[in-house]
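# Structural overview for review
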Amino acid sequence: MRSGIQRHLIVLSIRQKCEHPSQRTLYSMSRQQRCGKGRALHATQNCDPASFKISFSVIIIGTMNSILRFLRSALFVTVGTCLFAATSAAAQTVSEWRGIETAEVRLIQGAVDQHPGKIKIGLEFIMAPGWKVYWRSPGDAGLPPIANFAGSDNLAGFDIEWPVPKRFEYYGLQTFGYEERLVLPILINRKQAERDTRLKLSLSYAACADICVPVKAELALDLAAGPQAGNRHGRAIADSLSRVPPRTGTPVTHIAASRRSDSIQITAHSDQPFSNPEMILEGPESVSFGQPTCKSSTPGMREITCSFPFQGRGRPAPESTANYILTIAHANGWSAEQLFQIGSGN
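Let me begin by describing the structure that accompanies this report. Small disclaimer: the values here were computed from a predicted structure and weren't measured.

In terms of helices and strands, the protein carries two helices and 22 strands. When burial is assessed residue by residue, the protein has 40% of its 346 residues classed as buried. For the protein, the proportion of contacts with a sequence separation of at least 24, taken over those separated by at least 6, is 67%. Of the roughly 19300 Å² of accessible surface on the protein, a fraction of 53% belongs to carbon and sulfur atoms.

See below:
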């Protein structure tokens, strides 16, 4: 008669990438159950913050026969998992995450329904709480994302579109940017639509909290010839596009602007009411503006006058003509961008 049952320990491990780095822990599950005399099962799954990998481990303690039965069933599951992973890799629609842990970035692609025939990709940022990246005109500090697609194949040109930013105030400094999550839509012009396109992006940007960190990231993404497939990334790009202020077909009917010694004054007329809008003015590169003071004295709030004070030492040259962009945005309503000039006679 045998004095005991010989036990064996087997550890299986499967690793794959996290869906995205904000999911530091996808889930953690611990289970212990009786699977017959002398056998127990313990399974855990979590995301390792250091390597952004999913670790999956199974520990089996039991008799050799019970372990062999488990391995036969596990082999079927493992083969299925590998086949699924190979299929997913072939249909990859994102680049690797790059950047720094508190402000990571990647390229995404997916069909955007409201722009059929045009290739739209997205530059997706995920930021830790308290961190931000900047708009195209960052304000008193910061650096906007600067994209360089040199070295790409079958790329004729590109155009970045900018959702309405948030205004930040920090120790008297005023900046514009984004926090938590940002998708910058990018219109891709291909040389030949029937050819695959290889995108190589060198990206520079600044990530800021109490300190600012300049970041450089190298990203790559392959676009198949023909139309893009619909997926959740396309929906994310479309959502960001809905927050990009249009330059045509807006409610704004007229803009009048004049330059004063200490400010730029703008009066805007609209078919729809101005309801406490965010007003952002961009001018010559050396000129920045403080937060405007706005008032409306017309019934229905369809006319608004705002004074934008000059910030810092920069001023437009007195005898020059300069280009300006006025961004108008309502929290839960319409938005618009207006381009205009102010010359020496204004």
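By the definition in use, this model includes two disulfides. What pairs with cysteine 208 in a disulfide is cysteine 212, and their sulfur atoms sit 1.8 Å apart. Negative torsions about the S-S bond denote left-handed disulfides, and the value of about 115° found for cysteine 208 with cysteine 212 makes this one right-handed. A relative accessible area of 47% means that cysteine 212 is categorised as partly exposed. Disulfide pairing places cysteine 294 opposite cysteine 306 at an S-S distance of 2.1 Å. Measuring the twist about the S-S bond at about 115°, one finds the cysteine 294-cysteine 306 disulfide to be right-handed. Of this pair, cysteine 294 sits in strand β19 (residues 293–295) while cysteine 306 sits in strand β20 (residues 303–311), and the two are twelve residues apart along the sequence.

Here we take up the packing of aromatic side chains. Two descriptors summarise a pair of aromatic rings, namely the distance from one centre to the other and the angle between the planes of the rings. Within the structure shown, the criterion is met by nine aromatic pairs. Plain terms: the ring middles of phenylalanine 125 and tyrosine 205 are 5.2 Å apart, the flat faces sit at 80° to each other, and that makes the pair edge-to-face. Of this pair, phenylalanine 125 sits in strand β6 (residues 119–127) while tyrosine 205 is found in strand β13 (residues 197–208), placing the two residues 80 residues apart along the sequence. The class of phenylalanine 125 is buried, set by a relative accessible area of 0%. Accessibility expressed as a relative area gives 0% for tyrosine 205, which makes it buried. On the basis of an interplanar angle of 90° and a centroid distance of 4.7 Å, the ring pair of tyrosine 170 and tyrosine 171 is categorised as edge-to-face. We classify tyrosine 171 as exposed; its relative accessible area is 75%. In this structure an aromatic cluster arises from ring pairing among Phe289, Phe308, Phe310, Tyr324 and Phe340. Above the plane of the ring of phenylalanine 168 lies lysine 132, whose end atom (NZ or CZ) is 5.1 Å from the centre.

Another aspect to go through is the nonpolar core. Counting residues in hydrophobic clusters, the biggest one holds 33 residues, and the most contacted among them are Leu123, Phe125 and Tyr205. Mapped by element, the contributors of at least two residues to this core are β5 (103–109), β6, β7 (132–139), β9 (155–160), β11 (173–179), β12 (181–190), β13 and β14 (212–223). One finds Val252, Phe289, Cys306 and Ile342 within the second-largest nonpolar core, a separate group that totals 23 residues.

This part takes up the sheet that holds β12. On the basis of which strands lie adjacent, the open sheet formed by five strands has the order β4-β5-β6-β12-β9 and antiparallel pairing. Both outer strands of the open sheet, β4 (98–100) and β9, are each paired with one neighbouring strand and no more. Across the sheet, the mean angle separating the axes of adjacent strands is 25° when strand polarity is ignored. Of the strand pairs in this sheet, β6 and β12 are connected by eight bridges, and their pairing is antiparallel. Looking across to β12, one finds that phenylalanine 125 is bridged to leucine 182.

Rules used throughout
Residues numbered from 1 in each chain as written. Predicted model: local features only at pLDDT ≥ 70, side-chain atom pairs only at ≥ 80, totals over all residues. Heavy atoms only, no water. Helix = DSSP H or I, 4+ residues; strand = E, 2+ residues; numbered from the N terminus. Buried < 20%, exposed > 50% of the residue type's maximum accessible area, 1.4 Å probe, protein only. Contact = heavy atoms within 4.5 Å. Areas by Shrake-Rupley, 256 points an atom, 1.4 Å probe, with all protein chains shown as cover. Disulfide = S-S within 2.5 Å. Phe/Tyr/Trp six-rings, centres within 6.5 Å; stacked < 30°, edge-to-face > 60°. Lys NZ or Arg CZ within 6 Å of the ring centre and 35° of its normal. Core = buried A, V, L, I, M, F, W, Y, C linked by side-chain atoms within 4.5 Å. Pairing = 2+ DSSP bridges. Axes fitted to C-alpha atoms, helices over the stretch in contact; angles between N-to-C directions.

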